[in-house]
Amino acid sequence: MKIFEEIESEVQCYARSFPRVFQRAHQEFLYDQEGREYLDFLAGAGTLNYGHNNSLLKKELLSYIQQDGICHGLDMHTQAKGEFLEVFNSLILKPRNLDYVVQFTGPTGTNAVEAALKLARIVTGRETILAFTNGFHGVSLGALAATGNQHHRGGAGVSLNGVVRVPYDGYMGDDIDTTYYIEKLLNDSSSGVDKPAAMIVETVQGEGGINASSFEWLQRLDRLCKRHDILLIVDDIQAGCGRTGHFFSFEEAGIKPDIVTLSKSISGYGLPMAVVLFRPELDRWKPGEHNGTFRGNNLAFVTAKAAIQHYWSEPGFSKEIRRKGDYISKRLKSIVGKYGEGNFTTRGRGMFQGINCVNGEIANKITKKAFKQNLIIETSGANDHVVKFLCPLTINEINLKRGIDIVENAIKEVCAKEDTIPEDNDYFDEVKVINS
Ligand SMILES: *Cc1c(COP(=O)(O)O)cnc(C)c1O
């Protein structure tokens, strides 16, 4: 289709990695216009934890639409929103002893982050936010200031203020506890770092290369925040909603952040939705101070409620994720052992894992080869050097195995000494034919 080249902005990105025109999707499969089937190990960058067009959620959504249920409701009380809140409170918050209020923001992750940062600044009266190396929090200016990636920061055009960068777990090597450095900065009145309002952290950095922090590090960070009267914000937009094995990615660490952001898979259906959760004492917003026309995407509330009811009312789903996660770990370790020549490593937690290929060119060759075998899988990290496994949590085990087999074969080919690694000319020719 020429129209994309003709009038769609150059800003498009995933479309370049997967140059097909997709038409429909079901569960872990996407289908292009020619009817070809692709196994989806990208899953909307973590937005489709329950698969594409999940049948259970679709049923509820269709019935709601059929009854002329409210679609857009600004931030007015609607039955759909009320029912989402009831279910979220009784099945997610209460059982985890989390006493949070829920703020609906504009329905993107970055807007939830904006709200979280604003609130932390309002509550503490301080400006500085500590954010971590390789952190990704979105690309609107406030959130972008907290994002590490230079490629994204370069698009700002204004100075990105109010954030001080500190090293994430493992950044200085495995034996160095980076919380020691952070604490030193905070204790030293001449460190040059003003007392922060908050720190914002991902428990597993998604876009930053599937860097998983240890539970002990998170616990030390949590204690450090308490000692210094700094708010702890966990950005659970990608790692949350079950990705690491539990609804919230910080549960296993036993910490209770002051503020939590959720978006990507919270609606469960790929519908736009975002929330910020925080301790009731922090609720210092004035009415409408942070607003947004699409805070009331009620279709998302319907599927969000259904997703929580179907998947999170008992522990079976969480166990299933961890079982599949163990399988992924086992397979990736074995692949790295067989073909990585001591350079590749595995990383991540639950169904949020990756293979660090060290070199972005190699990682890209692997994902390109995988795409030729109809597997959609992306890279992440500063140099796109990590092959990122992000399939739907609900994936059937045969397809999980199949996807990993495809990556294994791709790695085997790319790493084979005798492999001349064709310049993928045939691939681009093929793409041209399809685009014409
Ligand atoms: C994707 C993501 C965001 C930004 O969400 P958008 O909906 O793209 O604005 C923020 N934080 C994390 C951890 C993310 O993965």
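Residues numbered from 1 in each chain as written. Predicted model: local features only at pLDDT ≥ 70, side-chain atom pairs only at ≥ 80, totals over all residues. Heavy atoms only, no water.

A closer look at the sheet that holds strand β16 (residues 378–380)
Strands sit in the order β13-β14-β17-β16 across an open sheet of 4 strands; the sheet is antiparallel. In this open sheet, the two edge strands, each paired with only one partner strand, are β13 (345–349) and β16. Across the sheet, the mean angle separating the axes of adjacent strands is 35° when strand polarity is ignored. Relative to the sheet, helix α12 (residues 316–339) contacts β13, β14 (352–356) and β17 (386–389), its axis offset from that of β14 by approximately 5°. (Pairing = 2+ DSSP bridges. Helix = DSSP H or I, 4+ residues; strand = E, 2+ residues; numbered from the N terminus. Axes fitted to C-alpha atoms, helices over the stretch in contact; angles between N-to-C directions. Contact = heavy atoms within 4.5 Å.)

So, the packing of aromatic side chains
Between two aromatic rings, the relevant description is the distance of the centres plus the angle of the planes. Enumeration over the complete set of coordinates arrives at 20 aromatic pairs. Taking 6.2 Å as the distance between ring centres and 20° as the angle between the ring planes, the aromatic pair formed by phenylalanine 84 and phenylalanine 301 counts as stacked. Note that phenylalanine 84 is positioned in helix α5 (residues 79–93) and phenylalanine 301 in helix α11 (residues 298–312), a separation of 217 residues in sequence. Grouping residues by exposure puts phenylalanine 84 and phenylalanine 301 together as buried. Centroid distance phenylalanine 88 to phenylalanine 247: 6.3 Å. Interplanar angle 70°. Geometry classified as edge-to-face. On the criterion of sequence distance, the pair formed by phenylalanine 88 in helix α5 and phenylalanine 247 in the loop between β10 (231–235) and β11 (259–262) is long-range, its members being 159 residues apart. Across this residue pair, the class does not change: phenylalanine 88 and phenylalanine 247 are buried. Through a chain of ring-to-ring contacts, the aromatic side chains of Tyr50, Phe84, Phe88, Phe104, Phe247, Phe248, Phe250, Phe301, Tyr311, Trp312 and Phe317 assemble into a single cluster. Geometry around tyrosine 31 places arginine 24 over its ring, the cationic atom sitting 4.1 Å from the centre. (Phe/Tyr/Trp six-rings, centres within 6.5 Å; stacked < 30°, edge-to-face > 60°. Buried < 20%, exposed > 50% of the residue type's maximum accessible area, 1.4 Å probe, protein only. Lys NZ or Arg CZ within 6 Å of the ring centre and 35° of its normal.)

Examining the pattern of salt bridges
For the structure shown, the criterion picks out 21 salt bridges. Taking the shortest distance from any N to any O, the salt bridge between glutamate 251 and arginine 96 comes out at 2.7 Å. You can see glutamate 251 sitting in the loop between β10 and β11 and its partner arginine 96 sitting in the loop between α5 and β4 (101–104), a full 155 residues away along the chain. By relative accessible area, which is 23% here, glutamate 251 ends up partly exposed. Overall, arginine 96 belongs to the partly exposed group, its relative accessible area being 21%. Linking glutamate 281 and arginine 279 is a salt bridge whose minimum nitrogen-to-oxygen distance equals 2.6 Å. Classification of glutamate 281 by relative accessible area gives exposed; the value is 52%. (Salt bridge = Lys/Arg side-chain N within 4 Å of Asp/Glu carboxyl O.)

Considerations on the sheet that holds β11
The strand order across the open sheet formed by 7 strands is β4-β12-β11-β10-β7-β5-β6, and the pairing between neighbours is mixed. The two strands at the open ends of the sheet, each matched to only one other strand, are β4 and β6 (163–166). Between one strand and the next, the sheet's axes are offset by a mean angle of 25°, whatever the strand orientation. As paired elements, β4 and strand β12 (residues 275–278) share 4 bridges and run antiparallel to each other.

Re helix α6 (residues 109–124)
Given 3.6 residues per turn, any residue in an α-helix points the same way as the ones three and four places further on. Along its 16 residues, α6 runs 23 Å from first to last C-alpha, staying within 8% of the 22 Å computed at 1.5 Å per residue. Following α6 by one or two positions, glycine 125 adopts a phi angle in the positive range, close to 70°. (Expected span 1.5 Å × (residues − 1).)

Thoughts on a nonpolar patch on the surface
A contiguous nonpolar patch, built from Met1, Ile3, Phe4 and Ile7 and spanning about 380 Å² of accessible area, is present on the exposed surface. Relative to the assigned elements, isoleucine 7 resides in helix α1 (residues 3–7). (Patch = residues over 30% accessible without salt bridge, like charges linked within 9 Å, V, L, I, M, F, W, Y side chains within 5 Å. Areas by Shrake-Rupley, 256 points an atom, 1.4 Å probe, with all protein chains shown as cover.)

Points about the site of the ligand
Near the ligand the following residues occur: Thr108, Gly109, Thr110, Phe136, His137, Gly138, Glu202, Asp235, Ile237, Gln238 and Lys264. Take glycine 109: an N or O atom from its main chain is 2.8 Å from an oxygen atom of the ligand. Contacts to the ligand include aspartate 235, whose side-chain N or O atom sits 2.7 Å from a nitrogen atom. Considering only residue class, the shell around the ligand consists of 2 nonpolar, 6 polar and 3 charged. (Near = heavy atom within 4 Å. Polar contact = N/O pair within 3.5 Å; in protein donor to acceptor, adjacent residues only side chain to side chain. Nonpolar A, V, L, I, M, F, W, Y, C, P; charged D, E, K, R; others polar.)

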